[in-house]
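Tertiary structure, described
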Amino acid sequence: MKLIKLIKKTNHKTEQIELIISIICMVNCIKLSETEIRVLAYYVVHGLKDTTDKLIINSKVITSRSLDNIKTKLLRLGFLKRTKELYKSYELNLSKDYTDNNILNLFITIDNS
């Protein structure tokens, strides 16, 4: 059995989600850059919509061209899935089963005070 103990102070909800996504990626050997993790965290917190895309671009997290590439990568890795209505419309797919045969205990304390 493996034990990971993590204590982290965060300033806002997006940072908390970034930390959780980083842990999921680390445990499941999924390689995402910090920017890709940040974009996914924005989608989890604010929803997957055009206003979130504008928020990401206006806050200088990434450019619009790079955002399309990140969406494609997140789609390929299963974090996003296409909706049935529109071709370029996506929705979050966080119900994927990230389990392993090894037992892993996580002790996470996230403080945003």
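Our structure is the block above this text.
Before going into details, it helps to say that this report is about the structure given with it. Not measured: the values here are computed from a predicted model. (Residues numbered from 1 in each chain as written. Predicted model: local features only at pLDDT ≥ 70, side-chain atom pairs only at ≥ 80, totals over all residues. Heavy atoms only, no water.)

The next point concerns the packing of helix 2 (residues 34–46) against helix 4 (residues 64–77). In a pair of packed helices, the angle between the axes and the distance between the axes together describe the arrangement. Across the interface, helix 2 lies against helix 4 with an axial gap of 10 Å and an inter-helix angle of 80°. Taken together, helix 2 and helix 4 sit at an angle that is classed as roughly perpendicular. Between helix 2, through Thr-35, Glu-36, Val-39, Leu-40 and Tyr-43, and helix 4, the contact on the second element is made entirely by Leu-67, Ile-70, Lys-71, Lys-73 and Leu-74. Tallied by class, residues from the contact of helix 2 with helix 4 come to six nonpolar, one polar and three charged. (Axes fitted to C-alpha atoms, helices over the stretch in contact; angles between N-to-C directions. Helix = DSSP H or I, 4+ residues; strand = E, 2+ residues; numbered from the N terminus. Parallel < 35°, antiparallel > 145°, perpendicular 65-115°, else oblique. Contact = heavy atoms within 4.5 Å. Nonpolar A, V, L, I, M, F, W, Y, C, P; charged D, E, K, R; others polar.)

Right, let's talk about the pattern of salt bridges for a bit. What the rule picks out here adds up to three salt bridges. Between Arg-38 and Glu-18 there is a salt bridge, with the nearest N and O atoms lying 3.4 Å from each other. In this pair, Arg-38 sits in helix 2 while Glu-18 sits in helix 1 (residues 13–27), placing the two residues 20 residues apart along the sequence. (Salt bridge = Lys/Arg side-chain N within 4 Å of Asp/Glu carboxyl O.)

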